[in-house]
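Each chain is listed here by its residues.
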Amino acid sequence: MIPERLVFLDLETTGVNPLHDRIIEVGLCEVVGCEVVEEWSTLVNPRKTVSPYIESITGIASSMVADAPFFSDIAAELHAKLAGKVLVAHNARFDYGFLKSEFRRLDISFQEKTLCTVKLSRALYPEHSRHNLDTLIERHNLNVSNRHRALGDVRATWEFFKKARAEFPAEVLGKAIQKQLKQPSLPPGLSKDQIDALPHAPGVYLFFGEKDAVLYVGKSKDIRARVLSHFSGDHRIYKGMRLSQQVRHIDFMETAGELGALLLEARLVKELVPIHNRRLRRNRELFTLCLVADKQGTVTGVEIVAMDALGQEDGKSLYGMFRSRREAGKTLLGIIREQGLCARVLGLEKGSGACFGYQIKKCRGACVGEEPLALHQARLTMALAQLKMRSWPFKGAVGIREKSPAGDRTEIHVFDHWRHLGTATSEKNLWEIFECPSPLPFDLDSYKILNRYLDGMVKKADILTFF
Ligand SMILES: [Zn+2]
């Protein structure tokens, strides 16, 4: 179905960022059925200068908008023209974002359905790769004047729509339109404004239920898209449904990039223990296996140690990571049995002489001198090697710099021996992180996150060494 009332709209602006840039011209054209019922346009005083670059594209100079009305002067009239209608624009997200920002500055809530002619062109003419307005004008031989002025571009968009209407059966066009207009169904307890406030930016989002109970903490490179995917039905359906019913409020925190989002998510999950987060639960004490050696370097045993008890400067080789002392012990015993190692030589069995394993023919006899100790040690080291943890590859603390895709946000994540000491948003507050009084406990999540990051995504230039 093709909506009966459409408002074709275009804006000229001082730049591309709806937070800092402002509208300098609005043009619109209302269509009912196949008839244009109104054309309207106005220049807008942006309360800032129009750059020579923008002037060169649009032909709109600062002097032209100096006496134009402010957006606040036209807001009510414009809002009335748009209310309840489907807005059609070329790259609709751009125009919609600017309208939203301008209305938000005036505390006016703005929420209309949008139809993007770039997406429509892509859906109808998939054989073409370019869908910008100039390309469409040329491809469809559209009759256009005043290109890059609001009303000129509105008319071009409308011309394109008419062409598509003539070329495709109504069902095909209607289907392509409805696909865009179909909004993900939002949870009943959530207002659209809350969704609109979500940015297309990396970071962490939090779902709250009744009485501010924390339901879920998640991270994404695109907060808004990920949150919507929770409610669109394709995101692990069962969990999504339960969440949808319970969620009352959404909060978010932007980060510069993915590493920051991962670290923040891991921290918040531990602090808040959300009901629906299964992974990354609260940090319990972690244990590892550690070789004990005498002064000559001969291995005299294996110890199970709590990760927190290890000093950060400890250069010991560590093997494996376990959620409990028992789990560590079980794993170690398994290796001893499997490899025919000696529990007594490794200090796990009291007494002297033949060990219990030797008596049941499991130990190869290191305890009674049948196997040379050096060989026993070599076999032990080899058996443990598969569990060996990566040792800290730097001399001391390092910072990993992360820049946001838009370039407006930089974060420096400081690590020392796999512990995340903190994240600075400027080099100035970097030093505060080092004032941290107590050594942080070892955290398995930070270890895993950083390990994966160092293996893949980080550039050498983004690693700052401090010592
Ligand atoms: Zn033995």
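Bear in mind that the values here come from a model prediction, so they are computed numbers and not experimental data.

Provide a residue-level description of the pattern of salt bridges, including the pertinent values.
This model, assessed by the stated rule, comprises 21 salt bridges. Where Asp21 meets Lys48, a salt bridge forms, and the shortest distance between an N and an O atom there is 3.7 Å. You can see Asp21 sitting in the loop between β1 (5-13) and β2 (23-32) and its partner Lys48 sitting in the loop between β3 (35-43) and α1 (52-58), a full 27 residues away along the chain. Its relative accessible area of 13% is what places Asp21 among the buried residues. For the salt bridge of Arg248 with Glu210, the shortest nitrogen-to-oxygen distance reads 2.9 Å. Here the residue Arg248 occupies a position in the loop between α11 (237-246) and β8 (249-254), and Glu210 occupies one in the loop between β6 (203-208) and β7 (214-220), the gap between them amounting to 38 residues. The exposure class of Arg248 is partly exposed, given its relative accessible area of 32%. With relative accessibility at 52%, the residue Glu210 sits in the exposed group. One network of salt bridges, with partners in common, ties together Arg5, Glu30 and Lys85.

For the sheet that holds strand β5 (residues 114-116), give the residues involved together with the corresponding values.
Taken together, the five strands give an open sheet; going across it, the order is β3-β2-β1-β4-β5, and neighbouring strands pair in mixed fashion. Unpaired on one side and paired on the other, β3 and β5 mark the two borders of the sheet. On average, each strand axis in the sheet is inclined to that of its neighbour by 25 degrees, with strand direction left out of account. In this structure, β1 lies alongside strand β4 (residues 86-89), joined through three bridges in parallel fashion. Bridge assignment links Val7 to a residue of β4, and that residue is Leu87. On top of the sheet, helix α5 (residues 117-124) reaches β4 and β5; it is set at about 55 degrees to β5, its chief contact.

Which residues make up the coordination of the zinc ion, and what values do they have?
Binding of the zinc ion to the protein goes through Cys342 (SG), Cys355 (SG), Cys363 (SG) and Cys367 (SG), at separations of 2.2 to 2.4 Å. Classification of the site at the zinc ion as tetrahedral follows from its four donor atoms and the range of 105 to 112 degrees in their angles at the metal. Of note, the zinc ion draws all its donor residues from one chain, in the sequence arrangement C-x12-C-x7-C-x3-C. Here Cys355 is found in the loop between α13 (325-339) and α14 (356-359), whereas its partner Cys367 is found in the loop between α14 and α15 (373-385), with 12 residues between them in sequence.

Rules used in this analysis
- Residues numbered from 1 in each chain as written.
- Predicted model: local features only at pLDDT ≥ 70, side-chain atom pairs only at ≥ 80, totals over all residues.
- Heavy atoms only, no water.
- Salt bridge = Lys/Arg side-chain N within 4 Å of Asp/Glu carboxyl O.
- Helix = DSSP H or I, 4+ residues; strand = E, 2+ residues; numbered from the N terminus.
- Buried < 20%, exposed > 50% of the residue type's maximum accessible area, 1.4 Å probe, protein only.
- Pairing = 2+ DSSP bridges.
- Axes fitted to C-alpha atoms, helices over the stretch in contact; angles between N-to-C directions.
- Contact = heavy atoms within 4.5 Å.
- Donors = N, O, S within 2.8 Å, 3.2 Å for Na, K, Ca; no water.
- Tetrahedral: all angles 85-135°; square planar, octahedral: opposite > 155°, others 65-115°.

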